[in-house]
Amino acid sequence: MADQVDHTSDRQAIGGSATELGPGPLAASPDTAPGPIASPQQNSSQESRHPSFETQLAAVQAGQADAIQLVDQPITETQVHQLHSVSLQLRDLILDAGGLSDPLLPLLAQLSELEHLRIRESPLSDAAIQAAFTGENAFQQLRILNIPQTPITAAGLVPIAALPKLSQLRLGGSQLDDAAVQVIAKSGSLRSLHLISPN
C-alpha cells in the first residue's frame, strides 16, 4: 500500500482478510470472528488506557497528539462541535461507541487534515454521507475510512469513491450490491477494500 497510517486494527481485516484491489471478483467476509473473553480485571485495565475526550482534545490542542479515540463512550453533539478547535491538527478520529447522527456527520468534513476516520455503531444514511463527503474541501486528506455498520448504498458511495487520497475502505451490510462495487471500482486511489457480510 502506498500510503501507510499506523493503525493495525484497520490495516488488518477483522474476521477475514482485506481484499487488495485488482483483477477478479470481490468477496465479502464475516465480521464475527471470535476473540478471547476478557476478565473483569482485563476490562478494567483496558478502560483505564482510554483517556477522556476532554483529555485527548487538550493534548491535540497543545500539539502533543494528533488522534482522538472514543472507544467506550458515544460522542456527543457538544464534542463534535469542539472538534473544530483542532481541525488543522487532528489526523485520526476513532468513534467506536456511536453517538454520531446524520445532522452531525457533515460537521466532520471541516476537519481538513483528517487522514483516518472510523465510525461504528452509527447507522448513517446515504443522504448524510453525500452531504458530508461532497464538496471541494471535504475529506481531501482522508486515507482510511472504516464505516462497517453504516447502511450505505451505491448512491452514498459516489462521493467516497471520488476522494483523492483514499487508499483503504471498509464497509458492511446486505445493501452492498453489484452497483455499489461498480461505484467503488471508479476510485483512482483505493488499494484495499474490505466488505463485511451481514450476520
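Scroll up to find the structure this text is about.
Numbering of residues starts from 1 in every chain and runs along the sequence as written. Predicted model: local features are reported for residues with pLDDT of at least 70 only, side-chain atom pairs are reported and counted for 80 or more only, and whole-chain, interface and lining totals are derived from all residues. Side-chain numbers here rest on the full set of heavy atoms in the structure, without hydrogens or water.

A. View of the overall build of the protein chain. Within the protein chain, the secondary structure is distributed over 7 helices and 8 strands. The buried label goes to any residue with under 20% of its type's maximum accessible area, the exposed label to any with over 50%, and the partly exposed label to all in between, with areas taken from a 1.4 Å probe on protein chains only. Considering the protein chain as a whole, with its 199 residues, one finds that 41% of them fall into the buried category. Contact definition: two residues touch when any of their heavy atoms are within 4.5 Å. Contacts spanning at least 24 positions in sequence make up 65% of the contacts within the protein chain whose residues lie at least 6 apart. Only the protein chains shown count as cover for residues, with accessible areas throughout obtained via the Shrake-Rupley method and a probe of 1.4 Å. Element-wise, carbon and sulfur atoms account for 51% of the exposed surface of the protein chain, whose accessible area totals about 9,900 Å². Put simply, DSSP H or I for four residues or longer makes a helix, DSSP E for two residues or longer makes a strand, and each gets a number counted from the N terminus.

B. A look at the pairing of strand S6 (residues 144-147). Across the two faces of S6 the burial is the same, with Ile144 and Asn146 and Leu145 and Ile147 all buried. Looking at chain direction, strand S5 (residues 116-119) and S6 are connected through 3 bridges and run parallel. Residue pairing in the sheet places leucine 117 in a bridge with leucine 145 of S6. Throughout, right-handed denotes a crossover for which the path from the first strand over the helix to the second runs clockwise when the strands point away from the viewer. Handedness of the crossover is the feature at issue here: the chain leaves S5, passes through helix H5 (residues 126-133), returns alongside S6, and the resulting connection is right-handed. Here the rule is simple: two strands pair whenever DSSP picks up at least two bridges between them.

C. Examining helix H3 (residues 53-61) more closely. When we look at burial in H3, the residues that qualify are Phe53, Gln56, Leu57, Ala59 and Val60. Projected onto a plane normal to the axis of H3, the buried residues spread over an arc of 160° and lie on a single side. If you follow the buried residues of H3, they end up packed against strand S3 (67-70) and helix H4 (77-82). Looking one or two residues past H3, glycine 63 carries a phi angle of roughly 80°, positive in sign. Note: the arc covers the axis-to-C-beta directions of the helix.

D. Region of the structure containing the pattern of salt bridges. Every case where a carboxyl oxygen of Asp or Glu lies within 4 Å of a side-chain nitrogen of Lys or Arg is listed as a salt bridge. Taken as a whole, this structure holds 2 salt bridges when the rule is applied. We note a salt bridge from aspartate 96 to arginine 120, for which the minimum N-O separation is 3.7 Å. Here aspartate 96, found in the loop between strand S4 (92-95) and S5, pairs with arginine 120, found in the loop between S5 and H5; they are 24 residues apart in sequence, far enough to count as distant. Salt bridges sharing partners connect three or more residues here, namely Asp96, Arg118 and Arg120.

E. Layout of the nonpolar core. Among the nonpolar cores identified, the biggest contains 48 residues, and Leu93, Leu100, Leu108, Phe139 and Ile160 are the most heavily contacted of them. Not counting chain neighbours up to four residues away, the residues in contact with phenylalanine 139 comprise Leu108, Ala109, Leu114, Leu117, Ala132, Phe133 and Leu163. Within this scheme, the nonpolar core is defined by two criteria: the residues are buried Ala, Val, Leu, Ile, Met, Phe, Trp, Tyr or Cys, and they are joined through side-chain atoms within 4.5 Å.

F. Fine view of the environment of arginine 120. Owing to a relative accessible area of 18%, arginine 120 belongs among the buried residues under this scheme. For arginine 120 and isoleucine 94, which are 26 residues apart along the polypeptide, the C-alpha to C-alpha distance reads 8.5 Å.

G. Up close: the side chain of serine 189. Its place among the elements puts serine 189 in the loop between helix H7 (178-184) and strand S8 (192-197). There is a polar contact of 3.3 Å between the side chain of serine 189 and the backbone oxygen of leucine 163. Look past the residues within four positions of serine 189 in its chain and what remains in contact with it is Leu163, Pro164, Lys165, Leu166 and Ser167. Here a polar contact is taken to be a pair of N or O atoms separated by no more than 3.5 Å, where protein atoms must pair a possible hydrogen donor with a possible acceptor and residues adjacent in sequence count only if both atoms sit in side chains.

H. Spotlight on the packing of H5 against helix H6 (residues 154-161). To get an axis, a line is fitted to the C-alpha atoms, and for a helix only the part in contact is used. The angle between two axes follows their N-to-C directions and goes from 0 to 180 degrees. Put simply, H5 and H6 touch, their axes get as near as 8 Å, and they point 15° apart. Here H5 is positioned roughly parallel relative to H6, judged by the angle of their axes. Of the two elements, H5 crosses H6, and the hand of that crossing is left-handed. On the side of H5, the interface is formed by Asp126, Ile129, Gln130 and Phe133, while H6 contributes Ala155, Gly156, Pro159 and Ile160. Polarity classes work like this: nonpolar for Ala, Val, Leu, Ile, Met, Phe, Trp, Tyr, Cys and Pro, charged for Asp, Glu, Lys and Arg, and polar for all others, with Gly in that last group. Of the residues that constitute the contact of H5 with H6, the class distribution is 5 nonpolar, 2 polar and 1 charged. Oblique is the label for any angle not under 35 degrees, not over 145, and not in the 65 to 115 range, which are roughly parallel, roughly antiparallel and roughly perpendicular in turn. The hand of a helix crossing depends on one turn: near helix anticlockwise from the far one by less than a right angle means left-handed, and clockwise means right-handed.

I. Structural view of unusual backbone geometry. We note that glutamate 121 has phi near 60°; this positive angle belongs to a residue other than glycine. Note on placement: glutamate 121 falls in the loop between S5 and H5. The backbone of phenylalanine 139 shows a phi angle near 55°, a positive value even though the residue is not glycine. Inspection of the secondary structure assignment puts phenylalanine 139 in the loop between H5 and S6.

By themselves, these observations are geometric and do not establish any function.
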